[in-house]
Amino acid sequence: MAWKEFYINKRNGGKRLIISPDEETKEKQREILKELYKIYYPFSDFYYAFGGLLFKNIKQLADKHVGKSIVVRLDINDFFDNIDRDILLTELDKDFKKKKVKNSNALLNKIEKYCFYRDKIPQGAITSPFLSNIYLKSFDRVVSVIARLGHYSYSRYFDDLTFSFNSKEIIMDALEDKNTTKPLQIIHIIKIVQSYLEKIKLELNYDKTKIMKKNKRQSVCNLTVNEKVNINRKYYRWLRAIKHHFDTGKETTIGKEQYLGHLAFVHSINPKIVEKLMMKGGEKWEKQ
């Protein structure tokens, strides 16, 4: 059993460490993932999660936040690296007993052996996305109850938490601390989220907190949601620039395989945009 470490480029020019298992380990992970699918199907435990699940995607997540007065995005800091091994295994053991899984100890041992690398669930393992949802399912349930009480919509894509609401009665008073843009009403939600994350040894990345009002661009996972779900201009311009670099032989921040993955995502949202990108030089952005 062996793992390989390598880096891929981020859109912002940074690097992301990917840890990938060898083929033998991947096959064991596929077997484990199939067993987990059977145990948790039809995935009712993951109602608020939209990443790493069959039949769910980013567009469905974005649909929940279209046309809202305010959209709030929160980010969990170094999510996969900070998932606690013991908490996850305890959660799995509790679920397996509740769901009366046969040979549950054997399955737990397989998960511990093949799905962890240095006590972490690495992003390069095919089991990690599903395990991360198991880790956060109790958190999602608690936060969703709070969101409903405040008339918020809530959804999560791995470490990206999105809240939105339409209440006209909420007054967006600024905090006395001018170094932050978090409104008073939103700060209460943020504090509650942080307090529950701390119970599972996670924390928010406050630098990535975004409060988006209706009169400005509201973005969720690279999709605008002001009036309908669509690709945002900044993302389109970035894709067009990458294509131009490929066409002219210039160095790019991502490889062609990654670029094709982005195109597949864009096509699932708006095929016409991919047609524009495929034209020579790409066309100027126009709302579809």
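These figures come from a predicted structure and were not determined experimentally.

Student: Requested: an account of the pattern of salt bridges, with residues and values cited.
Tutor: Tallied over the entire structure, the rule returns 16 salt bridges. The salt bridge partner of Arg-73 is Asp-160, with a shortest N-O separation of 3.5 Å. Taken together, the positions of Arg-73 in strand β3 (residues 70-75) and Asp-160 in strand β5 (residues 160-165) put the pair 87 residues apart, joining distant regions of the chain. The two residues Arg-73 and Asp-160 agree in class, both being buried. Asp-140 is the salt-bridge partner of Arg-156, the closest N and O atoms lying 2.8 Å from each other. With Arg-156 in strand β4 (residues 153-157) and Asp-140 in helix α5 (residues 128-149), this pair connects stretches of sequence that are 16 residues apart. Note on accessibility: Arg-156 and Asp-140 belong to one class, buried.

Student: Tell me about the sheet that holds β5, residues and numbers included.
Tutor: Reading across the sheet, the 4 strands line up as β4-β5-β3-β6 and stay open at both edges, with antiparallel pairing between neighbours. Across the chains shown, the open sheet's two edge strands, defined by having one partner strand only, are β4 and β6 (210-213). On average, each strand axis in the sheet is inclined to that of its neighbour by 15°, with strand direction left out of account. In terms of strand pairing, β4 meets β5 through 5 bridges, oriented antiparallel.

Student: Give me the lowdown on helix α7 (residues 233-248), citing residues and values where you can.
Tutor: Spanning 16 residues, α7 covers 22 Å between terminal C-alpha atoms, matching the ideal 22 Å at 1.5 Å per step. Tyr-235, Tyr-236, Trp-238, Leu-239, Ile-242 and Lys-243 are the residues of α7 that are buried. Mapping the buried residues of α7 onto a view down its axis gives an arc of 160°, with all of them on the same face. Residues of α7 that are buried make contact with β9 (230-231), α8 (256-269) and α9 (271-278).

Student: Residue-level account of the sheet that holds β9, with values.
Tutor: Strand pairing in a sheet relies on backbone hydrogen bonds, with the paired strands running either antiparallel or parallel. Reading across from one edge, β7-β8-β9 is the order of the 3 strands in this open sheet, with antiparallel pairing throughout. Looking along the sheet, the strands with just one partner apiece sit at the ends: β7 (219-220) and β9. Pairing between β7 and strand β8 (residues 223-224): 2 bridges, direction antiparallel. Across the sheet, the residue bridging to Val-220 is Leu-223, located in β8.

Student: A description of the packing of α7 against α9 should follow, citing residues and the corresponding values.
Tutor: Where α7 contacts α9, the two axes come as close as 10 Å, and the packing angle between them is 35°. In this structure, the crossing between α7 and α9 has a hand that is right-handed. Mapping the contact onto sequence places Tyr-236, Leu-239, Arg-240 and Lys-243 in α7 and Ile-273, Lys-276, Leu-277 and Met-278 in α9.

Student: Provide a residue-level description of the packing of aromatic side chains, including the pertinent values.
Tutor: Scanning the model with the defined rule gives 20 aromatic pairs in all. With centroids separated by 5.2 Å and ring planes inclined at 85°, the aromatic side chains of Tyr-37 and Phe-130 adopt a geometry described as edge-to-face. Within this pair, whereas Tyr-37 is found in helix α1 (residues 23-40), its partner Phe-130 is found in helix α5, the two being separated by 93 residues in sequence. According to the relative accessible area criterion, Tyr-37 is partly exposed, its value standing at 23%. Residue Phe-130 is classed as buried on the basis of its relative accessible area, which comes to 1%. Note on Phe-246 and Tyr-259: the rings are 5.5 Å apart at their centroids and 70° apart in plane angle, and the pair reads as edge-to-face. Of this pair, Phe-246 sits in helix α7 while Tyr-259 sits in helix α8, placing them 13 residues apart in sequence. Residue class for Tyr-259 comes out buried when judged on its relative accessible area of 5%. Directly above the aromatic system of Phe-50 lies the positively charged group of Lys-56, at a separation of 4.3 Å from the ring centroid. Positioned over the ring face of Phe-246 is Lys-256, at 5.6 Å from the centre of the ring.

Conventions adopted
Residues numbered from 1 in each chain as written. Predicted model: local features only at pLDDT ≥ 70, side-chain atom pairs only at ≥ 80, totals over all residues. Heavy atoms only, no water. Salt bridge = Lys/Arg side-chain N within 4 Å of Asp/Glu carboxyl O. Helix = DSSP H or I, 4+ residues; strand = E, 2+ residues; numbered from the N terminus. Buried < 20%, exposed > 50% of the residue type's maximum accessible area, 1.4 Å probe, protein only. Pairing = 2+ DSSP bridges. Axes fitted to C-alpha atoms, helices over the stretch in contact; angles between N-to-C directions. Expected span 1.5 Å × (residues − 1). Arc of directions from axis to C-beta. Contact = heavy atoms within 4.5 Å. Left-handed = near helix turned anticlockwise from the far one by under 90°. Phe/Tyr/Trp six-rings, centres within 6.5 Å; stacked < 30°, edge-to-face > 60°. Lys NZ or Arg CZ within 6 Å of the ring centre and 35° of its normal.

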